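Given next are the chains, with one letter for each unit.
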Amino acid sequence: MNRNRKLSRVKKSVVSGLVVTSLVLGNSTFIQAEQVTKEESVYVNAEADGAVTGITVSDWLKHAGVNGTISDKSTLKDIQNVKGDETFEQDGDGLNWSAGTDDIYYQGTTEKELPVSVNLSYRLDGNEISPEEIAGKSGKVEIQVKYTNHSTVSKKIKGEREKLYTPFLMATGVILPTENFTNVEVDHGRVVNEGSNNIVIGFGVPGMAESLDVSGDTAEKFPQEFTVTADVVDFSLGNTITYASASILSDLEVDDDSTLDDLEDDIETLVDSSEELVDGSQTLSDKLEELQDKFDDYAQGEKELNKGIGDLAAGGSKLAKGVKEYTAGVDSLANGTKDYVNGAKKITDGAGQLYGAAKEMPGGYKEFSAGISQYTAGVDEIAEKMKTSGLTQGAASVSAGISELNGNLEKLKESYDSYEAIITGIQTQAAQIEDEGQKQALLAYAEGLKKLSTSQKESVTALAGATDAKSQLKNGAAQVSGGIKQVSDGVSALSAESSKLRAADGKMTASIQTLTTKLKELSEGGAKLSKNDKKLLAGAKKILKATKSVKSGSNELIRGAEKLKKGSGKLHRSTAKVTDGITKLGEGATELSDGMNKFNDEGIQKINETYEEDFLTLKDRLSVLLDISKEYTNFSGIGAGMDGEVKFIIETAAIEKEEEE
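Residues numbered from 1 in each chain as written. Predicted model: local features only at pLDDT ≥ 70, side-chain atom pairs only at ≥ 80, totals over all residues. Heavy atoms only, no water.

1. With respect to the overall build of the chain
Turning to step 1, where the next piece is worked out: Within the chain, the regular secondary structure consists of 15 helices and 19 strands.
Turning to step 2, where the next piece is worked out: Residue burial in the chain is summarised as follows: out of 661 residues, 38% are buried.
Turning to step 3, where the next piece is worked out: Just so you have it, the chain exposes about 36,300 Å², and 51% of that area is on carbon and sulfur atoms. (Helix = DSSP H or I, 4+ residues; strand = E, 2+ residues; numbered from the N terminus. Buried < 20%, exposed > 50% of the residue type's maximum accessible area, 1.4 Å probe, protein only. Areas by Shrake-Rupley, 256 points an atom, 1.4 Å probe, with all protein chains shown as cover.)

This is the structure:
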């Protein structure tokens, strides 16, 4: 019917859930202690294909300890008390038990037709095969278990009488050893592997789809059979056990209109909740999108950080090389400082010694200068007395004096070589001084000393030239003894040279005074410079010690950078995974939101529409089936006023390969 096709997926699941829940809950019903209840278990022996070979019924009269007579009914044959000594009297179907304080257990047999049956069929590699033939075979096996409901009741629904089936739930257990059966599957049930065995449980509710008047996909929710498939080697099959009970609905306590009316309230709540879920899923999607944006910013920053760490690690070798060069340079500086201090000390000591030697020069030269004055005065006096009788002797003395003077001047010229050594030493010392002011002062002093030395040397050279053997002075003195005229001319020439000699003497006197002053300043400056030698040496030691720490620290820094690089790599990979996860989560949230909208529109709202259009009819049928479930309380009979339950256990024969004689 078209209206049944409109049943929503959720409604189908609700009804199917009744079936599964019944399977899980079993068949226990709460009974008040003072009420006698009859629980009946019908044990059926069957062939391997399900054909019945015998029926034994066990009855349990619970809470029967009334110390009186219990009236019961039963169609069983060969009834006997199996646990106690209680006796009974039978009148047709009536049984009157003399009950004590204990429950009564009895059993009997019957040939009555069962309300349900089970049929097992077998196929091997796609071909139907009998239980006898399949024993010992190998291949692809199919075991089909089919249920049939023979129990029908006529009931009125909306004023019309219809045939409904007693709502039986049937479940079959099959044990398949793992050494023989592999790749086991079942279409309506479950496979449980417990190590050495595959335990297969399949179920069905025969007649339920017809009773609910459903078809198509909805009818498939109420299977009447199931199929087990497996790969088998040396086929054999133990006993199968099928359980059947009609208390499926009564066990769920769907026992009055209020329960079904509650379903209507639940559907309204479901509709409201679905709309809230739609709103919530949209909010979740929005928030995840916002999270994704925020995490993208983080991921970008982490990417830049990772790159910076990579650059840092990559620059480690350059850093190590730079530190090595730096420390080598610092070590050289420190060692150079030591050498500088030692050299500076030598220069300072030398400058002191030089000043000590030169400070007497002004006094010594003063005597020399006095001699020059006396000489020039003598020349002048000779020039005045050249006409006297001592002229020749005086001329000879003058000639000898000139030679002596020339020798002294040559010695004086040689002494200026020491000036060049002093100037070179001062310039070398200045080159080693970092203080620019001190350096420039020394260089300026060296330059002044150089000019002074040059000037003095020129003066001495001039004097030496005026008194050497080729000089006019010398020649004039030599010629004095040769003739008055020549002497007169020589004296005149010598007198003329005397003025040059006096001028050179004046320069020499001033230069020597300046030289001694500068040498004094050099000595004093060297002494001041030497005062910082200890500090320089201490600083050099600290520098050498510090460079060791720098080297060690740079090595630690490089190792740390490598660890940081590895850690940042892991962080980067983790960030990528989180980014992917958030992206997928966002996509999932979007799909969830879309799905919730679709679920709400096509599912929940459809349920509401279906309920209003179709479920009232289904509700009526469920109510009638509930009554049928409650009414089916026994198989072999039950006493008036008793509550009862009945279950059926059908055991099929094992399939075994015949032993060869």
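From this point, the discussion proceeds with the structure in view.
2. What about the confidence of the model for the chain?
Caution is warranted with low-pLDDT regions, since their predicted coordinates should not be read in detail.
Turning to step 1, where the next piece is worked out: Of the residues in the chain, 57% have a pLDDT of 70 or more, and the chain-wide mean is 75.
Turning to step 2, where the next piece is worked out: The model gives residues 1-34 a pLDDT under 50, and that stretch makes 63 contacts with residues more than four places away or in other chains. (pLDDT = per-residue confidence, 0-100. Contact = heavy atoms within 4.5 Å.)

3. Points about the packing of aromatic side chains
Turning to step 1, where the next piece is worked out: By the definition in use, this model includes nine aromatic pairs.
Turning to step 2, where the next piece is worked out: Between Phe-88 and Trp-97, the aromatic rings sit 4.7 Å apart at their centres with planes inclined by 45°, giving tilted as the arrangement.
Turning to step 3, where the next piece is worked out: Here the aromatic residues Phe-168, Tyr-632, Phe-635 and Phe-648 are joined through ring pairs into a cluster of three or more.
Turning to step 4, where the next piece is worked out: The ring of Trp-60 carries Lys-62 above its face, with NZ or CZ at 4.8 Å from the centroid.
Turning to step 5, where the next piece is worked out: Its end group placed over the ring of Phe-635, Lys-112 keeps NZ or CZ at 4.7 Å from the ring centre. (Phe/Tyr/Trp six-rings, centres within 6.5 Å; stacked < 30°, edge-to-face > 60°. Lys NZ or Arg CZ within 6 Å of the ring centre and 35° of its normal.)

4. Some remarks on the sheet that holds strand E3 (residues 69-73)
Turning to step 1, where the next piece is worked out: One open sheet holds the three strands; their spatial order is E3-E6-E5, and the pairing between them is antiparallel. Among the strands making up the open sheet, the edge pair consists of E3 and strand E5 (88-91). Pairs of neighbouring strands in the sheet enclose a mean axial angle of 20°, with direction left out of account.
Turning to step 2, where the next piece is worked out: With five bridges joining them, E3 and strand E6 (residues 94-98) adopt antiparallel strand pairing. Counted as the bridge partner of Ile-70 is Trp-97 from E6. (Pairing = 2+ DSSP bridges. Axes fitted to C-alpha atoms, helices over the stretch in contact; angles between N-to-C directions.)

5. A short note on a negative patch on the surface
Turning to step 1, where the next piece is worked out: Together, Glu-47, Asp-49, Glu-132, Glu-133 and Glu-658 make up a negatively charged patch on the protein surface.
Turning to step 2, where the next piece is worked out: Relative to the assigned elements, Glu-132 resides in helix H3 (residues 131-134).
Turning to step 3, where the next piece is worked out: Glu-132 sits in the exposed class, given a relative accessible area of 63%. (Patch = residues over 30% accessible without salt bridge, like charges linked within 9 Å, V, L, I, M, F, W, Y side chains within 5 Å. Salt bridge = Lys/Arg side-chain N within 4 Å of Asp/Glu carboxyl O. Lys, Arg positive; Asp, Glu negative; His and termini not counted. Charge placed at Lys NZ, Arg CZ, Asp CG, Glu CD.)

6. With respect to the pattern of salt bridges
Turning to step 1, where the next piece is worked out: On inspection of all chains with the given rule, the structure shows seven salt bridges.
Turning to step 2, where the next piece is worked out: A salt bridge links Glu-39 to Lys-62; the nearest nitrogen and oxygen atoms lie 3.0 Å apart. Residue Glu-39 is found in strand E1 (residues 37-46), and its partner Lys-62 is found in strand E2 (residues 52-62); the two are separated by 23 residues along the sequence. Each member of the pair, Glu-39 as well as Lys-62, carries the same accessibility label: buried.
Turning to step 3, where the next piece is worked out: The network of salt bridges with shared partners includes Glu-162, Asp-213 and Arg-621.

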